[in-house]
Every structure is written in C-alpha cells, then in structure tokens.
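Summary of structural features
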Amino acid sequence: MVVIDAAHGGDDAGASILGQGGQPEPEKAYTLALSVKLRSLLTARGISVVTTRESDVTLDAAQRAEIADRAQAQACLSLHASMNGAGVHLFISSLAPVEGGNFAPWKTAQAAWVSRSVALAGVLNSALLHAGLTVSLGRTALTAIDSMTCPAVAVEVAPQRGNGKDSGASLDDPAYQTTVADALAAAMLEWRAEGAQP
Ligand SMILES: [Zn+2]
C-alpha cells in the first residue's frame, strides 16, 4: 500500500510553474497530474494506492496525514513541483528520530519513522539516479509528513537542467514527466521487495 499525496489544491495553488512555451501552470495541477500518472503505474504493478486527493480540492496538512495514517501505508510520497534547482529534490522530516515510542504526539508522529523514511529516500534516490536524473536530498519541516506514521518522503520535481548545449527538460515535457513517474514506480517496487525480506 502506497499513499500518494498531491500537494496543494483548491485554494492553495502552490508555486507557479512555467512550461516550455512560458505559459504558467499552478503547482497544484502539476502534482495532481503526476499523482494520477503514478497511481496508474503502481496499480498496473499490483501495488495498492490511496491518494489524498483526486481533484482540485483544498486539504490541510492534518487531513493529508489522517488519510496516510488510516491507510497504514508502507510508503507515502508527497508530490511537489518547483522551478528552483534541478532534477528531483527529496525531503524527509527534520524531526529528530525517536525509536520505538509507543506514544507519539500527533504533530511529531513522524519522529518514530524517520529512520525508515531515510531508507525510503535512499531507494528513491537510487531509482532516480538510475534513470539519469539529477537528485538532491534534504531535510526540512513538513507539516503533513511530520504527522504521518509511515515512511514518508516529499518528492519535489524541478526542471532537469542539462549541461552546455543541452538545455534539459522543462517540467511540462511529457517525456520528462514519464521518466520521473517511471523511476518513482520502480522505487516503490524495490521498496516492496526490500520490505518482503526477513
Ligand atoms: Zn509545493
């Protein structure tokens, strides 16, 4: 079971994303399109998916975390897009890891899962690098993820910038979107295989 969280939505448009032609698209639409694409790739591979939203609705961080926690997911990917930086940025919670706590306050529930989230980010990192993408890893305060009781990573897609002559792929390049979605799906298969090991 994987939870896909298309960040933003409804009243919260997120960042403004510029496509190749220069026409702006709200981040909320980009993340929803990526969520739909990734869900179909995962379900085709026999992985159950729960999404936090299927349309342009407003969801707060608590509602997103509730959906993820109710699903008891093996992984949660929170999808963002940005014009800053290059390639795919992976973020995990900046909470200090807490091991084996039976009681976790809601707002810092992710603390008990940080080490698993680091492992999940590692699997995502490998799959994205394998697909030839630029990847960066970081830690940050993430209100939705900080309340999630599952391995959780924020995946922020930025334009893939090339070197020299190659200008790289813009965010709205369908081939680039497919490469990213395929790599994320491959990572989830790998994650499932690792989870099945004793
Ligand atoms: Zn965002």
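A brief look at the structure comes next. (Residues numbered from 1 in each chain as written. Predicted model: local features only at pLDDT ≥ 70, side-chain atom pairs only at ≥ 80, totals over all residues. Heavy atoms only, no water.)

Turning our eyes to something else, we now look at the nonpolar core. In terms of nonpolar packing, the biggest core is built from 39 residues, with Leu42, Leu124 and Met188 touching the most fellow members. Of all the secondary structure elements, the ones that give two or more residues to this core are strand 1 (2-6), helix 1 (27-44), strand 5 (75-81), strand 6 (88-93), helix 3 (114-130), strand 8 (152-157) and helix 5 (174-196). The next biggest cluster of nonpolar side chains, apart from the first, holds 13 residues, and it includes Ala65, Ala144, Ile145 and Ala152. (Core = buried A, V, L, I, M, F, W, Y, C linked by side-chain atoms within 4.5 Å. Buried < 20%, exposed > 50% of the residue type's maximum accessible area, 1.4 Å probe, protein only. Helix = DSSP H or I, 4+ residues; strand = E, 2+ residues; numbered from the N terminus.)

On to the coordination of the zinc ion. At this site the zinc ion is bound by His8 (NE2), Glu27 (OE) and His80 (ND1), with donor distances of 2.0 to 2.1 Å. Each donor residue of the zinc ion lies on the same chain, and together they follow the pattern H-x18-E-x52-H. With histidine 8 in the loop between strand 1 and strand 2 (16-18) and glutamate 27 in helix 1, the pair connects residues that are 19 residues apart, well separated along the chain. Both residues of the pair, histidine 8 and glutamate 27, count as buried. (Donors = N, O, S within 2.8 Å, 3.2 Å for Na, K, Ca; no water.)

In this section: helix 1. Here helix 1 spans 26 Å end to end across 18 residues, near enough to the 26 Å set by a 1.5 Å rise per residue. Looking only at helix 1, the buried set comprises Glu27, Lys28, Tyr30, Thr31, Leu32, Leu34, Ser35, Leu38, Leu41 and Leu42. (Expected span 1.5 Å × (residues − 1).)

Okay, helix 2 (residues 61-71) next. Arg64, Ala65, Ile67, Ala68, Asp69 and Ala71 are the residues of helix 2 that are buried. The secondary structure elements touched by the buried residues of helix 2 are strand 1, strand 4 (49-51), strand 5 and helix 4 (143-146). One side-chain oxygen of the residue at the start of helix 2 lies 3.2 Å from the amide nitrogen of alanine 62, identifying that residue as aspartate 60. One or two steps after helix 2, the chain reaches glutamine 72, where phi turns positive at roughly 45 degrees. (Contact = heavy atoms within 4.5 Å. Polar contact = N/O pair within 3.5 Å; in protein donor to acceptor, adjacent residues only side chain to side chain.)

Before going further, it helps to spend a moment on the pairing of strand 6. A regular strand carries its side chains on alternate faces of the sheet. Within strand 6, 5 of the 6 residues are buried, leaving the element largely enclosed by the surrounding structure. For strand 6 and strand 7 (residues 135-140), the ladder comprises 6 bridges, and the chain directions are parallel. Paired with phenylalanine 91 across the bridge in strand 7 is glycine 138. Bridging between strand 6 and strand 8 involves 4 bridges; their strand directions are antiparallel. Looking across to strand 8, one finds that leucine 90 is bridged to valine 155. (Pairing = 2+ DSSP bridges.)

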